[in-house]
Amino acid sequence: QLQSKILILTICAAGIGGTFQYGYNISIINAPTSYIQMFMNETWLERTGVPLESNMVLLLWSFTVSAYPLGGLTGAVVAGPMAIMLGRKMSLLLNNVFVIIAAVLSGCSRMAKSFEMIMLSRFFTGVNAGVSMNIQPMYLAESAPKKLRGAVALTSASFTALGLVLGQVVGLRELLGGEERWPFLLASNVVPALIQLTALPWFPESPRYLLIDRGDEESCISALQKLRGNSDLSAELEEMLAEQAAVKGQRAKNPWELFQNPALRWQLLSIVVLSSAMQLCGNDSMYFYAAYVFREAGIPQDKIPYVVIGTGSCELITSVTCNMIIDYAGRRPLLLGGYILMAGWAIIFMVALSQQTRISWMPYLSMACIFAYILSFGIGPAGVTGVLPTEVFDQMSRPAAYMICGSLLWFNLFVVGTAFPFIVKSLAHFCYVPFLVVCICTALYVGFFLPETKGKSFLEISEEFKKQNFKGHTHAVFYKGPEEIKSTTL
């Protein structure tokens with residue numbers, strides 16, 4: 001079937017230069033840490049004749065690391081206006097400029113004897129990731145047929161995990177992780193960018209964007225035909241025209257307007273809770289602990305990078321599994337199950353850490369907990385969180401919703417990255433208590449307040465939230481579509 005091939009190729013073209021870069025750039029910075037710190041010291045010594053103190057090296061390194069989430073935050077803020085003015089596809093294409101600038105800066109940093117170029121390059125890499133994390137799920141969910149919408153939008157998480165694993169592999173000492181080759185490692189992110197620049201122009205723009213934002217019905221039908229082939233488009237087109245009529249006369253909203261609108265109260269609260277929880281649940285901090293736990297379990301120091309690849313592969317396997325089941329299982333069970341399991345593993349992990357030195361098999365239990373925690377994160381929270389803003393907001397609010405989501409995601413990544421070493425210092429083995437609280441609270445929120453969006457049109461989902469937002473008001477005026485549809489699917 002040609003049309004499903006076109007959809008799959010569109011997903012790959014958007015993903016390789018999109019969220020793949022986010023995962024890839026998070027993991028390639030880990031391998032050359034000590035070499036870059038040495039480079040900073042040598043450069044400083046050449047410039048001033050005085051070597052840097054160790055705490056100054058650490059400070060410069062933390063600036064380099066935090067430039068990435070700072071760039072991500074900037075990218076998340078500019079992504080909304082880009083998606084509205086340039087369209088989804090054009091924004092993704094233009095976004096590659098940031099990575100190309102970053103690759104040139106980091107690739108030439110050693111020749112230029114400038115560690116500031118590495119910091120700047122990490123900032124631009126972050127901007128690229130911030131834009132793609134917001135626009136790629138939007139582009140794919142708007143291009144997918146209703147019954148596959150969850151699975152297609154969720155490929156964003158699979159590409160992130162794929163980037164993470166490939167970054168760990170390329171960062172091995174035998175490949176680009178050696179002392180001589182680290183500038184090439186940091187500049188290697190230009191390859192996915194060039195692949196996307198070559199491939200994505202051949203695929204259509206989001207049909208929803210063409211019809212509802214641009215009012216261009218002809219281009220929308222042509223894009224739909226490319227994506228769906230000869231299948232009957234009338235039902236899908238009718239649904240889009242109904243959505244167009246519902247937002248007629250409105251313009252794209254700004255983020256602050258979403259906070260002022262009582263009709264969007266629960267949608268907004270849901271994405272704020274879930275986007276914050278995604279970074280505050282402690283999944284990324286597991287990677288921080290991985291090397292220490294593996295060392296305690298008796299794995300030789302030089303073999304640890306290979307085992308760490310296993311942790312990244314866990315996330316990849318689960319996000320691909322989640323991809324296959326999201327449109328059968330639904331969004332709520334995956335989120336709820338993910339956070340409940342993570343809460344359980346956090347408790348076992350803290351017990352195992354506290355008994356690490358007393359009981360000989362405890363390091364193996366902590367090791368199992370790391371893998372289980374990452375698997376639980378991958379099965380639900382990792383992917384579903386990125387799909388929800390597309391589903392619970394209409395076309396005019398969607399870019400602004402993604403701006404809020406993305407800003408929270410990057411701000412919390414920055415907070416956790418900065419605060420986690422201090423949390424470990426003060427709470428020692430019980431450093432996962434704050435993450436445990438986040439997981440439990442999020443699971444309760446999902447269980448009590450988040451409606452299921454599986455298999456529903458965007459208008460039906462809006463109606464469902466409308467009931468939640470105006471619970472005290474009369475229900476007589478509301479369209480009763482969702483209930484009828486629910487009863488027929490049961």
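What you see is a predicted model; the values in this text were computed from it and never measured.

Visitor: Quick question: what am I supposed to make of the pattern of salt bridges here?
Guide: Applying the stated criterion across every chain, the model contains 15 salt bridges. Across the salt bridge formed by Glu142 and Arg88, the nearest N and O atoms sit 2.9 Å from each other. Of the two residues, Glu142 sits in helix α6 (residues 116–143) while Arg88 sits in helix α5 (residues 88–112), which places them 54 residues apart along the sequence. Arg88 matches Glu142 in its accessibility class, with the two residues each being buried. Through salt bridges with shared partners, a single network forms among Arg88, Glu142, Lys146, Arg208, Glu239, Glu243 and Arg398.

Visitor: How should a nonpolar patch on the surface be read in this particular structure?
Guide: The grouping of Met85, Leu86, Met90, Leu94, Val97 and Ile101 at the surface amounts to a nonpolar patch, some 510 Å² of accessible area in total. Of all the elements, α5 adds the most residues to the nonpolar patch, at four residues. Its location among the elements puts Val97 in helix α5. Here Val97 falls in the partly exposed class, since its relative accessible area comes to 40%.

Visitor: Where do I start with the side chain of Ser275 in this structure?
Guide: Here Ser275 is to be found in helix α14 (residues 265–280). Excluding residues that lie within four positions of it along the chain, Ser275 makes contacts with Thr385, Cys405, Leu408, Leu409 and Asn412.

Visitor: When you look at the environment of Tyr287 in this model, what are you seeing that I'm missing?
Guide: When you line up the elements, Tyr287 lands in helix α15 (residues 283–296). For the pair Tyr287 and Gly312, spaced 25 residues apart in the sequence, the C-alpha separation amounts to 8.9 Å. Other than its neighbours up to four places away in sequence, Tyr287 contacts Leu164, Gln168, Thr311, Gly312, Glu315 and Ile374.

Visitor: I tried to follow the environment of Asn323 on my own but got confused; where do I start?
Guide: Within the secondary structure layout, Asn323 lies in helix α16 (residues 304–329). According to the relative accessible area criterion, Asn323 is buried, its value standing at 15%. Sequence separation between Asn323 and His429 is 106 residues; the distance between their C-alpha atoms is 34 Å. Here Asn323 is in contact with Ala151, Leu154, Thr155 and Ser158, once residues within four sequence places are set aside.

Visitor: What is the right way to read the nonpolar core from this model?
Guide: Counting residues in hydrophobic clusters, the biggest one holds 68 residues, and the most contacted among them are Tyr339, Phe349, Trp410 and Tyr432. Composition of this core by domain shows at least three residues from each of domain 1 (1–203) and domain 2 (257–470). If we skip the residues at most four places from it in the chain, Tyr432 touches Gly282, Ser285, Met286, Tyr289, Ala346, Phe349, Met350, Tyr373 and Phe420. By size, the runner-up hydrophobic cluster in this structure holds 41 residues, among which are Tyr24, Ile28, Met40 and Met119.

Visitor: Sorry, what's going on with the UniProt feature "transmembrane region" (unreviewed entry) in the protein here?
Guide: The feature "transmembrane region" (unreviewed entry), as given by UniProt, occupies residues 7–24, 58–80, 92–112, 151–170, 334–353, 365–388, 400–424 and 430–450 in the numbering adopted here. Between the C-alpha atoms that bound residues 430–450 the distance is 30 Å, and the span itself is 81% helix and 0% strand.

Visitor: What am I meant to see in the packing of aromatic side chains here?
Guide: Geometry of an aromatic ring pair is reported as the spacing of the ring centres plus the angle between the planes. Summed over all chains, the structure comprises 13 aromatic pairs. Judged by centre distance (5.4 Å) and plane angle (45 degrees), the ring pair of Tyr445 and Phe449 falls under tilted. Residue Tyr445 and its partner Phe449 are located together in helix α21 (residues 433–449), separated by four residues, close to a single helical turn. The buried category is assigned to Tyr445, whose relative accessible area is 9%. In this structure an aromatic cluster arises from ring pairing among Trp266, Tyr445, Phe448 and Phe449. Lying across the ring of Tyr68, Arg122 places its NZ or CZ 4.6 Å from the centre.

Visitor: Can you help me understand the packing of α14 against helix α22 (residues 458–469) in this one?
Guide: A pair of packed helices can be characterised by two numbers: the angle between their axes and the separation between those axes. Taken N-terminus to C-terminus, the directions of α14 and α22 make an angle of 100 degrees; their axes are 8 Å apart at the nearest point. Comparing the axis directions of α14 and α22 gives the class roughly perpendicular. Seen from α14, the contacting residues are Arg265, Trp266, Gln267 and Ser270; seen from α22, they are Phe465, Gln468 and Asn469.

Visitor: Please clarify how the side chain of Arg208 should be interpreted in this entry.
Guide: In this structure, Arg208 sits in helix α10 (residues 207–213). Its relative accessible area of 3% is what places Arg208 among the buried residues. Separated by 3.4 Å, the side chains of Arg208 and Glu239 make a polar contact. For Arg208, the contacting residues outside a window of four places in its chain are Glu142, Asp213, Glu239, Met240, Glu243, Gln395, Arg398 and Phe458.

Visitor: Hey, could you run me through the domain arrangement of the protein in this one?
Guide: The accessible area lost on association of the parts is a frequent measure of interface size. The assigned domain composition of the protein is domain 1 (1–203) and domain 2 (257–470). Here domain 1 packs against domain 2, burying approximately 3300 Å² in sum over the two surfaces, 68% of which is carbon and sulfur. When residues of domain 1 are sorted by the area they lose upon contact with domain 2, Arg149, Leu154 and Gln168 head the list and together hold 18% of the total. Counting across the domain 1 and domain 2 interface gives two salt bridges. For the interface between domain 1 and domain 2, the tally reads nine residue pairs in polar contact (both at pLDDT 80 or more). Mapped onto the side of domain 1 that touches domain 2, the elements with two or more residues apiece are α4 (54–85), α6 and α7 (149–170).

Analysis parameters
- Residues numbered from 1 in each chain as written.
- Predicted model: local features only at pLDDT ≥ 70, side-chain atom pairs only at ≥ 80, totals over all residues.
- Heavy atoms only, no water.
- Salt bridge = Lys/Arg side-chain N within 4 Å of Asp/Glu carboxyl O.
- Helix = DSSP H or I, 4+ residues; strand = E, 2+ residues; numbered from the N terminus.
- Buried < 20%, exposed > 50% of the residue type's maximum accessible area, 1.4 Å probe, protein only.
- Patch = residues over 30% accessible without salt bridge, like charges linked within 9 Å, V, L, I, M, F, W, Y side chains within 5 Å.
- Areas by Shrake-Rupley, 256 points an atom, 1.4 Å probe, with all protein chains shown as cover.
- Contact = heavy atoms within 4.5 Å.
- Core = buried A, V, L, I, M, F, W, Y, C linked by side-chain atoms within 4.5 Å.
- Domains from an automatic or database assignment.
- UniProt positions renumbered as here; feature names shortened; annotations may be inferred.
- Phe/Tyr/Trp six-rings, centres within 6.5 Å; stacked < 30°, edge-to-face > 60°.
- Lys NZ or Arg CZ within 6 Å of the ring centre and 35° of its normal.
- Axes fitted to C-alpha atoms, helices over the stretch in contact; angles between N-to-C directions.
- Parallel < 35°, antiparallel > 145°, perpendicular 65-115°, else oblique.
- Polar contact = N/O pair within 3.5 Å; in protein donor to acceptor, adjacent residues only side chain to side chain.
- Buried area = accessible area lost by both parts, 1.4 Å probe.

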